[in-house]
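Residues per chain are reported as follows:
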Amino acid sequence: MTPANSGGPASTVESAIVSTPDLLVVGSGFFGLTIAERCATELDLKVLVLERRYHLGGNAYSEFEPETGIEVHKYGTHLFHTSNERVWEYVNRFTKFTSYQHRVFGKYQGQVYSLPMNLALINSFFGKSHTPDEARALIAEQASEIDTKDAKNLEEKAISLIGRPLYEAFIKGYTAKQWQTDPKELSADIITRLPVRYNFDNRYFNDKYEGLPVDGYTAWLERMADHPNIEVRVDTDFFDVADEYKGKVPIVYTGPVDEYFGNSEGRLSWRTVDLEAEVVDVDDYQGTGVVNANDPDVPFTRVLEFKHLHPERTYLPGKSVVVHEYSRFAEDDDEPYYPINTAEDREKLLKYRDLAKKEPMVLFGGRLGTYKYLDMHMAIGSALSMYDNKIKPHFAEGAPFASGGVDPDND
């Protein structure tokens, strides 16, 4: 595949010559490209990848804003982190990583606090210096208002974990905007824990490895697809050409599982985000990459400033790119981001899993195909597992091509 130009606002992919593919991959996100790359490189298979957007890479796609040269993650901030040694070794075949460590801040009532909740936040919020033991005792006292086992909704569950003051400042408004629902109306099961660090550690992730691709996400994704056995067709909807391939070649499908089956068991529900980007005439807008908007009367959920993700790069002075992110329920034509996963959704998903197992020569994977929110490293790890356990045994050893795979735990 001839790689797309990652320096412009769009990717133009020139196809390799794959006349009759050995394997069809639907979707060019990290899951699909991992499958395609492994099959092309290790098994010498001819792989056709279909992508209905104008670019490869799924939601990890990035492009360089033309006026400022700042790399913007088109579908929201993507931070790579993993403790999986195999995944880390695999991704380093295609990109080097910077030493970036992600840190998030939250704005509430005109003040900015360090997140996740830690000793710095507790001291700032309560206006007093606490030792770790003093802070732990304070939060335990405030959380004692409600016993966790008696919590009937998300609000009560959160208060039972961190106390009412921290909940109302940093969870209530943000959660209400994320879900467009009063936290009192949300299930307590949505949160299992709300960690509070009783030290000054404000590193957002705890994984062994963390960083951002040196040349950007699109360059990384293009290298994965840069193989003579891989053809990527963008602007191509699988359902427009499905009859050419279904039942004739093995398929790895990473689109929405409900859409594959014509929503026969009902649509699964998702959250999506709207991203409003603008070039601002300041050198530095907020001093960091991500600031959560915790006040309930502020309509957006967070503000992104992408130049802070790559401080090692040289930028045009006096300019920055700022993105305001808004969360809402996904409608039919929206890009789905986060599975809502209600009891009704889970009931539908079980039916789709049964259908998937009966669909000849089709494996379902990725975030949309499994109806699970998979971080990038999880999607790659799940794809490697599917390749090891289902795809390679079929092509290398003649094992039956077992359909299914909607549940990534069973890849």
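Structure's up top.
Residues numbered from 1 in each chain as written. Predicted model: local features only at pLDDT ≥ 70, side-chain atom pairs only at ≥ 80, totals over all residues. Heavy atoms only, no water.

Student: Is there a simple way to think about the packing of helix H3 (residues 119–126) against helix H6 (residues 164–179) in this case?
Tutor: Between H3 and H6, the least distance of the axes is 12 Å, while the angle of their chain directions is 100 degrees. By the angle between their axes, H3 is roughly perpendicular relative to H6. Facing Leu121, Phe125 and Phe126 of H3, the residues of H6 in contact are Pro165, Leu166, Ala169 and Phe170. Looking at the contact of H3 with H6 residue by residue, the classes come out as 7 nonpolar, no polar and no charged. (Axes fitted to C-alpha atoms, helices over the stretch in contact; angles between N-to-C directions. Helix = DSSP H or I, 4+ residues; strand = E, 2+ residues; numbered from the N terminus. Parallel < 35°, antiparallel > 145°, perpendicular 65-115°, else oblique. Contact = heavy atoms within 4.5 Å. Nonpolar A, V, L, I, M, F, W, Y, C, P; charged D, E, K, R; others polar.)

Student: Would you mind showing me how to read the pairing of strand E12 (residues 290–293) here?
Tutor: Going residue by residue along E12, you find Val290 and Asn292 tucked away on one face and Val291 and Ala293 tucked away on the opposite face as well. Here strand E6 (residues 104–108) pairs with E12 via 4 bridges, running parallel. By the bridge assignment, Lys107 is partnered in E12 with Ala293. The pairing of E12 with strand E13 (residues 302–305) spans 3 bridges and is antiparallel. Each residue of the ladder has a partner; that of Asn292, found in E13, is Arg302. (Buried < 20%, exposed > 50% of the residue type's maximum accessible area, 1.4 Å probe, protein only. Pairing = 2+ DSSP bridges.)

Student: Before we go on, may I ask you to explain the packing of aromatic side chains in this structure?
Tutor: Geometrically, a pair of aromatic rings is defined through the distance of the ring centres and the angle of the planes. All chains considered together, the criterion is met by 31 aromatic pairs. The interplanar angle of 25 degrees and the centroid separation of 5.8 Å between the aromatic rings of Tyr217 and Trp220 together place this pair among those described as stacked. One end of the pair, Tyr217, and the other, Trp220, are both in helix H7 (residues 217–225), 3 residues apart, so they sit about a helical turn from each other. Taken individually, Tyr217 and Trp220 each receive the classification buried, so the pair is uniform in this respect. Each member of the aromatic cluster is reached from another via a ring pair, and the members are Phe30, Phe80, Trp88, Phe97, Tyr209, Tyr217 and Trp220. Lying over the aromatic face of Tyr75, Arg53 brings its terminal NZ or CZ to 4.4 Å of the ring centre. Directly above the aromatic system of Tyr75 lies the positively charged group of Lys74, at a separation of 5.9 Å from the ring centroid. (Phe/Tyr/Trp six-rings, centres within 6.5 Å; stacked < 30°, edge-to-face > 60°. Lys NZ or Arg CZ within 6 Å of the ring centre and 35° of its normal.)

Student: Just checking my understanding: could you explain the nonpolar core for this structure?
Tutor: When a protein is soluble and globular, its nonpolar side chains tend to lie buried together. In terms of nonpolar packing, the biggest core is built from 107 residues, with Ile35, Phe80 and Trp220 touching the most fellow members. Sort the elements by how many residues they give to this core and helix H12 (residues 376–397) lands first, with 8 residues. Per-domain counts for this core show at least three residues from each of domain 1 (23–101 + 209–269 + 336–405) and domain 2 (117–190). Not counting residues within four places of it along the chain, the set of residues in contact with Ile35 comprises Leu23, Val25, Val252, Ala383, Met386, Tyr387 and Ile391. Grouped together as the second largest cluster of nonpolar side chains are 5 residues, Val280, Phe300, Val303 and Val322 included. (Core = buried A, V, L, I, M, F, W, Y, C linked by side-chain atoms within 4.5 Å. Domains from an automatic or database assignment.)

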